[in-house]
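Listed here are the chains, written in short residue letters.
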Amino acid sequence: MLKVDERTIIPAWDRVKPDLQGSSGENGVTRRERLMAILQGKPVDRPAVNLYEVGGFAVDPSDPDEFNVYNDPSWQPLLQLAEERTDLIRMRSAVRSRSWDPYRTLSRQAESDEFRDLVRFDKYVEGEWHCTRVRIRAGGRTLSSTTRRNVQVDTVWTTEHLLKSVEDLDAYLQLPAGFFAEQIDLAPLVEEDGRVGNRGIVMVDTEDPICAAASLFDMGDYLTIAMTEPKRLHGLLEKLAPPLYARTEQVSRDFPGHLWRIYGAEYAAEPFLPPRLFREYVVRYTEPMVRAIKKHGGFARIHCHGRIHALLDAVCEMGADAIDPIEPAPHGDVDLASVRRVYGERLVLFGNIELTDIESMEPAEFKKLVERTLLDGTHGPGRGFVLMPSA
């Protein structure tokens, strides 16, 4: 393959012209080959370009469901652009149809003979909102959570979190281990890998233990627990980690050699928690997932918003292969050029275009930003770079 000379005087924009229709660029390199070469630290014809959730999420523009925002005609040009001219990274889960859906496992427990008496689902409509309320009986208490969704936005809002106090947490910890067992289905991963073909790759999408724990609380309650009740939070992490470890081991073994995104680390990053707690709440519980992925030839990408400057050494110590989205100030505290210089030979860098810049910049200004980002992400020696917006 043709290696991009990072010191070349060729303008960055000209070095990353997206592919035309078809699976190969002008040098005959397929999009799948390009992405895999970057993950492996091999020479490439150009940096990869990915639109993250656009082209990443599982969407069906032909689905007439009122909650499917992607069937609106305004989405079609962007979806088509992603499919035809970007290096696709499909985000898929082995346990949920949508990897971030918090109720997939609970809905299965509600239907099981063993746990149906512990879980109750209620769905109802309030005006233009479709709502779901979940009740779980645990430790002599009834824990409840409520979410709602509007037809105009592809977002689920949690208006009531499941755990609201230390007493709720103690009750939740009394649930039997079998309650958290998962049904793993590799078929969606294998089928999507076949469908995307040489146009890109499939990335296994998974939460980490701190994400599973923190999302049970309102953010203020979670931060209070994390700072003042570390023993209880560790108890929760130890309860939630084994099913995630079992999932990671099975999927990485039976679907080997693929990229993974592990999300949730930002719950223990600044501005939420001090860096000293990152090793305690993230590294300690996420490193076993990274090891399992790498044992079977996969690649572990840590997804972490916020201020990562003080965390990058720990991310490398975990054995991670990549990180995203590497946010600049004011949302983050690093610049891409510095991260490339210090960590670029250990980590594949994914980023670092901010969504706010896509929304607010004029085209000429945005083009300059992309050119500068490409130069910062590829300058000097490094494992690889993927130009990508933040999630």
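Our subject is the structure that appears above.
As the structure is a computational prediction, the values presented were derived from the model and not from experiment.

**Thoughts on the overall build of the protein**
Turning to step 1, where the next piece is worked out: Scanning the protein for helices and strands turns up 14 helices and 12 strands.
Turning to step 2, where the next piece is worked out: Relative to its 391 residues, the protein shows a buried fraction of 50%.
Turning to step 3, where the next piece is worked out: The long-range share in the protein, meaning contacts at least 24 apart out of those at least 6 apart in sequence, stands at 70%.
Turning to step 4, where the next piece is worked out: About 17,900 Å² of surface is accessible on the protein, with carbon and sulfur atoms providing 51% of the total.

**Regarding the sheet that holds strand 8 (residues 259-263)**
Turning to step 1, where the next piece is worked out: Spatially, eight strands are ordered 1-12-11-10-9-8-7-2 in an open sheet, and the strand pairing comes out parallel. Looking at the sheet topology across the chains shown, the edges are occupied by strand 1 (48-49) and strand 2 (88-92).
Turning to step 2, where the next piece is worked out: Of the strand pairs in this sheet, strand 8 and strand 9 (residues 299-303) are connected by five bridges, and their pairing is parallel. The partner of Tyr263 across the bridge, within strand 9, is His303.
Turning to step 3, where the next piece is worked out: Helix 12 (residues 336-343) rests against strand 11 (348-353) and strand 12 (385-389) of the sheet, and its axis sits at about 175 degrees to strand 11.

**A closer look at the pairing of strand 9**
Turning to step 1, where the next piece is worked out: The buried count for strand 9 comes to five of five residues, which makes it a mostly enclosed element.
Turning to step 2, where the next piece is worked out: Of the two faces of strand 9, the one holding Phe299, Arg301 and His303 and the one holding Ala300 and Ile302 are both buried throughout.
Turning to step 3, where the next piece is worked out: In this sheet, strand 10 (residues 322-324) lies alongside strand 9 in parallel orientation, the contact comprising three bridges. Note on strand 10: the bridge partner recorded for His303 is Asp324.
Turning to step 4, where the next piece is worked out: The handedness of the strand 9 to strand 10 crossover, carried by helix 11 (residues 312-317), is right-handed.

**Observations concerning the pattern of salt bridges**
Turning to step 1, where the next piece is worked out: By the definition in use, this model includes 28 salt bridges.
Turning to step 2, where the next piece is worked out: Residues Glu317 and Arg279 are paired through a salt bridge, measuring 2.7 Å at the closest nitrogen-oxygen approach. You can see Glu317 sitting in helix 11 and its partner Arg279 sitting in helix 10 (residues 276-295), a full 38 residues away along the chain.
Turning to step 3, where the next piece is worked out: Classification of Arg279 by relative accessible area gives partly exposed; the value is 41%.
Turning to step 4, where the next piece is worked out: When salt bridges that share partners are traced, they join Glu83, Arg90, Arg92, Glu192, Arg195 and Arg199 into one network.

**A look at the pairing of strand 5 (residues 141-150)**
Turning to step 1, where the next piece is worked out: A large share of strand 5 lies buried, amounting to seven of its 10 residues.
Turning to step 2, where the next piece is worked out: Across 10 bridges, strand 4 (residues 129-138) lies against strand 5 in antiparallel orientation. Across the sheet, Arg133 pairs through a bridge with Thr146, a residue of strand 5.
Turning to step 3, where the next piece is worked out: In this antiparallel pair of consecutive strands, strand 4 and strand 5, the connection spans two residues, and Gly139 shows a positive phi of 55 degrees.
Turning to step 4, where the next piece is worked out: Bridge count for strand 5 against strand 6 (residues 156-160) is four bridges, and the pairing is antiparallel. By the bridge assignment, Arg148 is partnered in strand 6 with Trp157.

**Side note on the packing of helix 12 against helix 14 (residues 363-378)**
Turning to step 1, where the next piece is worked out: Packing of helix 12 against helix 14 brings their axes to within 7 Å, and their N-to-C directions diverge by 15 degrees. Between helix 12 and helix 14, the angle is such that the two are roughly parallel. Handedness of the crossing formed by helix 12 with helix 14: right-handed. Seen from helix 12, the contacting residues are Leu336, Ala337 and Arg340; seen from helix 14, they are Thr373, Asp376, Gly377 and Thr378.
Turning to step 2, where the next piece is worked out: Grouping the constituent residues of the contact of helix 12 with helix 14 by class yields two nonpolar, three polar and two charged.

**With respect to the packing of helix 9 (residues 230-254) against helix 10**
Turning to step 1, where the next piece is worked out: The geometry of helix 9 relative to helix 10 is characterised by a closest axis approach of 10 Å and an angle of 10 degrees between their N-to-C directions. On the basis of the axis angle, helix 9 is roughly parallel to helix 10. Between helix 9 and helix 10, the contacting residues are Pro230, Leu233, His234, Leu237, Glu238, Ala241, Tyr245, Thr248, Glu249 and Ser252 on the first element and Glu280, Tyr281, Arg284, Tyr285, Pro288, Met289, Ala292, Ile293 and Lys295 on the second.
Turning to step 2, where the next piece is worked out: Here the contact of helix 9 with helix 10 is built from residues that sort into 11 nonpolar, three polar and five charged.

**Brief notes about the nonpolar core**
Turning to step 1, where the next piece is worked out: Counting residues in hydrophobic clusters, the biggest one holds 79 residues, and the most contacted among them are Tyr172 and Leu233.
Turning to step 2, where the next piece is worked out: For this core, the element with the most residues is helix 10, which contributes nine residues.
Turning to step 3, where the next piece is worked out: Among all residues touching Leu233, those that are not within four sequence positions of it are Ile210, Ala213, Tyr222, Ile225, Ala226 and Tyr281.
Turning to step 4, where the next piece is worked out: Counting residues in each nonpolar core, the second largest holds 25 residues, with Met36, Ile38, Ala48 and Phe299 among its members.

**Let's talk about a negative patch on the surface**
Turning to step 1, where the next piece is worked out: Side chains of Asp60, Asp63, Asp65 and Glu66 sit close together on the surface and give a patch of like negative charge.
Turning to step 2, where the next piece is worked out: Residue placement: Asp63 occurs in the loop between strand 1 and helix 3 (76-85).
Turning to step 3, where the next piece is worked out: Residue classification places Asp63 among the partly exposed residues on the basis of a relative accessible area of 30%.

Procedures and definitions
- Going along each chain's sequence as written, the residues are numbered from 1 onward.
- Only residues with pLDDT of 70 or above have their local features reported here, since the model is predicted, and side-chain atom pairs are shown and tallied only from 80 upward, although totals for entire chains, interfaces and linings are computed over all residues.
- Only heavy atoms go into the side-chain values, all of them from the structure, while hydrogens and water stay out.
- Here a strand is any run of E in DSSP of at least two residues, a helix any run of H or I of at least four, and the numbering for each starts at the N terminus.
- The rule is simple: take the accessible area with a 1.4 Å probe, protein chains only, and divide by the maximum for that residue type; under 20% is buried, over 50% is exposed, in between is partly exposed.
- Contact criterion: two residues are considered in contact whenever any of their non-hydrogen atoms come within 4.5 Å of each other.
- Surface accessibility follows the Shrake-Rupley procedure with a 1.4 Å probe radius. Residue values consider only the protein chains on display as shielding.
- DSSP-based pairing: two strands are paired if at least 2 bridges between them are found.
- Note on geometry: axes are C-alpha line fits, over the in-contact stretch for helices, and angles between N-to-C directions span 0 to 180 degrees.
- Assignment of crossover handedness uses the view with strands pointing away from the viewer, where a clockwise path from the first strand over the helix to the second indicates a right-handed crossover.
- A pair is scored as a salt bridge if a Lys or Arg side-chain nitrogen falls within 4 Å of a carboxyl oxygen belonging to Asp or Glu.
- Convention used here: angles under 35 degrees read as roughly parallel, angles over 145 as roughly antiparallel, angles from 65 to 115 as roughly perpendicular, and any remaining angle as oblique.
- Helix crossings get a hand from a simple test, with the near helix turned counterclockwise from the far one by less than a right angle marking a left-handed crossing and a clockwise turn marking a right-handed one.
- Note that Gly is not counted as nonpolar here; it falls among the polar residues with everything else outside the nonpolar set of Ala, Val, Leu, Ile, Met, Phe, Trp, Tyr, Cys and Pro and the charged set of Asp, Glu, Lys and Arg.
- We call a set of buried residues a nonpolar core when its members are Ala, Val, Leu, Ile, Met, Phe, Trp, Tyr or Cys and they connect through side-chain atoms within 4.5 Å of each other.
- Patch members must show over 30% relative accessible area and no salt bridge, and they are joined within 9 Å when carrying like charges or within 5 Å when they are nonpolar side chains of Val, Leu, Ile, Met, Phe, Trp or Tyr.
- Neither His nor the chain ends contribute to the count of charged residues, in which Lys and Arg are positive and Asp and Glu negative.
- Where a charge lies is defined by one atom per residue type, namely NZ (Lys), CZ (Arg), CG (Asp) and CD (Glu).

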